[in-house]
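Topology and contacts: notes
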Amino acid sequence: MVAQESVVNEVLDSARATLQGLVQEGLITRFEGPEKEEGVFVFTAYAKEPERVEEKVWERVISLGRGRGVVILVDVEREDA
């Protein structure tokens, strides 16, 4: 199932807003993306302790595309600064 461009844009806007909310909550420090890799939209999120927050980040963001034909992944990396 390939999503229409308007659906993709809506899902990606929601993902960005969700990630921005995670920044405001202090769960992540920043995020980048998405990059499109073989039909998958990949965001990179940065956190001081990624192992403590990655599941929460995944739950909130990845679910936005489920059932809508949009695959989103979030790579949670350690913030070096």
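Before any of the text, the structure's been laid out above.
Description of the pattern of salt bridges
Inspection of every chain in the model, using the stated rule, returns seven salt bridges. Measuring nitrogen to oxygen at the nearest pair gives 3.0 Å for the salt bridge that ties E32 to R30. Given the relative accessible area of 38%, E32 is considered partly exposed.

Section: the nonpolar core
In this structure, V57 and V61 are the most contacted members of the largest nonpolar core, which totals 19 residues. Mapped onto this core, the elements with two or more residues apiece are α1 (5-25), β2 (40-47), α2 (50-62) and β3 (71-78). Not counting residues up to four positions away in its chain, the partners in contact with V57 are L19, L22, I28, I62, V74 and V76.

Side note on the environment of D13
Structurally, D13 can be placed in helix α1. Looking at D13, the relative accessible area reads 47%, which means it is partly exposed. It is 15 Å that separates the C-alpha atoms of D13 and T44, two residues lying 31 residues apart in sequence. A polar side-chain atom of D13 sits 3.0 Å from a polar atom in the side chain of R16.

Some thoughts on the packing of α1 against α2
Helices that pack against each other are described as a pair by the angle of their axes relative to one another and the distance between those axes. Put simply, α1 and α2 touch, their axes get as near as 9 Å, and they point 150 degrees apart. Taken together, α1 and α2 sit at an angle that is classed as roughly antiparallel. Classified by chirality, the crossing of α2 by α1 is right-handed. Contacts from A15, T18, L19, L22 and E25 in α1 reach V57, R60 and V61 in α2. Classifying every residue of the contact of α1 with α2 by side-chain character gives five nonpolar, one polar and two charged.

Reading the values: rules and limits
Residues numbered from 1 in each chain as written. Predicted model: local features only at pLDDT ≥ 70, side-chain atom pairs only at ≥ 80, totals over all residues. Heavy atoms only, no water. Salt bridge = Lys/Arg side-chain N within 4 Å of Asp/Glu carboxyl O. Buried < 20%, exposed > 50% of the residue type's maximum accessible area, 1.4 Å probe, protein only. Core = buried A, V, L, I, M, F, W, Y, C linked by side-chain atoms within 4.5 Å. Helix = DSSP H or I, 4+ residues; strand = E, 2+ residues; numbered from the N terminus. Contact = heavy atoms within 4.5 Å. Polar contact = N/O pair within 3.5 Å; in protein donor to acceptor, adjacent residues only side chain to side chain. Axes fitted to C-alpha atoms, helices over the stretch in contact; angles between N-to-C directions. Parallel < 35°, antiparallel > 145°, perpendicular 65-115°, else oblique. Left-handed = near helix turned anticlockwise from the far one by under 90°. Nonpolar A, V, L, I, M, F, W, Y, C, P; charged D, E, K, R; others polar.

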